[in-house]
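Observations on the model geometry
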Amino acid sequence: MADAKAYLERVLGTVKKRNPNEVEFHQAVTEVLESLIPAIERHPEFEEAGLLERIVEPERQIVFRIPWQDDKGRMHVNRGFRIQFNSALGPYKGGIRFHPSVYIGIIKFLGFEQIFKNSLTGLMMGGAKGGSDFDPKGKSDSEIMRFCQSFMTELYRYIGADLDVPAGDIGVGGREVGYMFGQWKKITGLFNGVLTGKGLDFGGSLARTEATGYGCVYFCQEMLKDRGTSFNGKTVVVSGSGNVAIYAHEKATQLGAKVVAMSDSNGYVYDKDGIKLATIKQLKEIERKRIKEYLKEHKTAQYQEGCFDIWNIKCDIALPCATQNELDGKSAQALIKNGCIAVAEGANMPSTPEAVELFIKNKVSFGPGKAANAGGVATSGLEMAQDSQRLMWSFEEVDKKLHNIMVNIFKSVKNAAEEYGTPGNFVNGANIAGFLKVARSMMAQGLV
Ligand code: NDP
């Protein structure tokens, strides 16, 4: 109906005007709003209540200065962000990203996506995201620690176990979360679950490290089941070699697949016999080296500079697990031409809108990030539950819960896609299913 479309265009126009030059944020809002048309048509009360106008505006945007000193005593200043986007479903929840490309548009896109992702998990979590334009590459441990401490010295006043619970993301792993937690504890004198992704000795959850990658593969497994097949015997390409990529590789391999390529921001390695995960873990988790060093141990593997060509490698399943907009229309065409049947996004918005359209048009099973990578935040939710109880569950217990959550996410995404007239379109299904729960809660909570 023309009315729902006109409403969405009006809201999108305001977003663009009010947030100029924030292209990633525009892209994320456009993608979500476009797929909400059938839901808005069915619920005219949302327009009357100005619901979309409210949902695209963050509840709170915090921007702050982070001064820190390097090992030579030189002063540096970075910029920090925390976008507390929506608290309709629970305390704000979402990761922190340290990367030179970070600016407010990236954090808003991620925070906006996080609202619907967290909703899909079925747990009580609102949506938020944070970060800094700090580049952790090449920094010493002490520099990282001083930066994290300075970041938290400002952020601490805005977060809390029942208020806002940050976690890791690109450039923020267990080490950084540990330093931030230590500083938060020192300032506040409290010990509680204010951050997730903590070390196992002080309130972290087993299986949190593995959760996003494993969850992505569990989601993909459901998509494959839905088309009558499985991971067993399939060839897989995984982009990235960070936290998500490593554990996507691990679970896909456990399920009988062969991962033949992985990448970092410089290039990718191809190993026709299967990428040896132990080498990648050693290089990336311990030595923090470049992926091309893989060739030193595996002479028959090949290395190629640049990231996009990884999608030219023939595979049955593609798992983009690196960063936003890393898989464009050309890459999607190459994957389709080579017979790829499923793509599940471990990263946030790795596929461009053109790529997504091509996948859906060509009946490639496509799992959008907000559904396929929700396992990370879901397990963070499980970490919050354990911290509140002062208990620690076993790896198997957490993994089982994670698996159930991913199966349920797939079911609700698939059902919403069918119910709203676009069967098999999991982008629409994820957006609609995630949105409806938030929308109903906002309606019930009055003008919030
Ligand atoms: P990491 O920092 O651990 O790893 C990121 C990886 O991506 C690195 O290997 C990095 O290479 C690589 N990379 C960065 N830019 C590019 C590029 N342009 N092309 C190819 N590779 C690139 O981050 P995570 O694994 O935690 O996060 C990856 C993605 O998953 C992000 O989009 C994040 O938002 C999303 N995500 C993460 C969750 C989590 O629990 N960690 C939860 C949900 C989503 P290099 O080493 O060269 O920098």
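Throughout, a residue's number is its position along its own chain's written sequence, starting from 1. Whole-chain, interface and lining totals are the exception, using all residues; otherwise, since this is a predicted model, local features are given only for residues with pLDDT of at least 70 and side-chain atom pairs are given and counted only at 80 or more. Neither water nor hydrogens contribute to the side-chain values; these are computed over all heavy atoms in the structure.

1. A short note on the environment of Met 145
Under the DSSP-based scheme used, a helix requires at least four consecutive residues in state H or I and a strand at least two consecutive residues in state E, with every element numbered from the N terminus. The topology assignment puts Met 145 in helix 7 (residues 141-155). Separated by 32 residues in the primary sequence, Met 145 and Val 177 have C-alpha atoms spaced 9.9 Å apart.

2. Some remarks on the domain arrangement of the protein
Taken domain by domain, the protein consists of domain 1 (2-55), domain 2 (60-190) and domain 3 (211-372). Segmentation of the chain into domains, including their bounds, is taken from an automatic or database domain assignment. Taken over C-alpha atoms, the centre of domain 1 sits 32 Å from the centre of domain 3. Put simply, buried area is the surface a 1.4 Å probe can reach on two separate parts but cannot reach once they are joined, added for both. Buried area between domain 1 and domain 3, summed over both chains or domains, comes out near 380 Å², and the portion from carbon and sulfur atoms is 56%. On the domain 1 side of the contact with domain 3, Glu 24, Gln 27 and Glu 31 bury the most area, a combined 82% of that side's loss. Salt bridge, as used here, is a side-chain nitrogen of Lys or Arg placed within 4 Å of a carboxyl oxygen of Asp or Glu. Applying the counting rule to domain 1 against domain 3 returns one salt bridge. Lys 370 is the partner of Glu 31 in a salt bridge, and the nearest nitrogen-oxygen pair spans 3.7 Å.

3. Some words on the site of the ligand
As a matter of local geometry, the ligand sits amid 26 residues, with Asp 169, Thr 212, Ser 265, Arg 290 and Asn 348 nearest to it. We call two N or O atoms a polar contact when they sit within 3.5 Å, provided that within protein one can donate a hydrogen and the other can accept it, with sequence-adjacent residues counted only if both atoms are side-chain atoms. Within the side chain of Arg 97, a nitrogen or oxygen atom sits 2.9 Å from an oxygen atom of the ligand. In the model, an oxygen atom of the ligand is placed 3.0 Å from a nitrogen or oxygen of the Arg 208 side chain. Starting from 890 Å² of accessible surface for the ligand in isolation, the protein chains cover 85%. Of all the secondary structure elements, the ones that give two or more residues to the shell around the ligand are helix 9 (208-226) and helix 10 (243-254). Taken together, the residues of the shell around the ligand break down into six nonpolar, 12 polar and eight charged. If you count residues domain by domain, the shell around the ligand takes at least three from each of domain 2 (60-190) and domain 3 (211-372). Note on terminology: near, applied to a residue and a molecule or strand, indicates that one of the residue's heavy atoms is within 4 Å of it. In this description, accessible areas are obtained by the Shrake-Rupley approach with a 1.4 Å probe, and a residue is regarded as covered only by the protein chains that are shown. In the scheme used here, Gly and all other residues not listed as nonpolar or charged are polar, with Ala, Val, Leu, Ile, Met, Phe, Trp, Tyr, Cys and Pro taken as nonpolar and Asp, Glu, Lys and Arg as charged.

4. Some details on the packing of aromatic side chains
In summary, the pairing rule links any two rings of Phe, Tyr or Trp, Trp by its six-membered ring, whose centres are within 6.5 Å, and it sorts them by plane angle into stacked for under 30 degrees, edge-to-face for over 60 and tilted for everything else. Scanning the model with the defined rule gives 21 aromatic pairs in all. On the basis of an interplanar angle of 85° and a centroid distance of 5.6 Å, the ring pair of Phe 46 and Phe 435 is categorised as edge-to-face. Remark: Phe 435 occurs in helix 18 (residues 426-444) and Phe 46 occurs in helix 4 (residues 44-48); sequence separation between them is 389 residues. For every residue, the accessible area obtained with a 1.4 Å probe (protein chains only) is divided by the maximum for its type, and the residue is called buried under 20%, exposed over 50%, and partly exposed between those limits. Given the relative accessible area of 2%, Phe 46 is considered buried. Taking the relative accessible area as the measure of exposure, Phe 435 reaches 0% and is therefore buried. Between Phe 112 and Phe 116, the aromatic rings sit 5.1 Å apart at their centres with planes inclined by 80°, giving edge-to-face as the arrangement. One end of the pair, Phe 112, and the other, Phe 116, are both in helix 6 (residues 104-120), four residues apart, so they sit about a helical turn from each other. The residues Phe 112 and Phe 116 share a single accessibility class, namely buried. An aromatic cluster of three or more residues is present, and its members are Phe 64, Trp 68, Phe 98, Phe 134, Phe 147 and Phe 151. Of note, Arg 42 hangs over the ring of Tyr 420, and the distance from its end group to the ring centre comes to 4.0 Å. Both a distance and an angle decide whether a charge sits over a ring: NZ of Lys or CZ of Arg must be within 6 Å of the ring centre and within 35 degrees of the ring normal.

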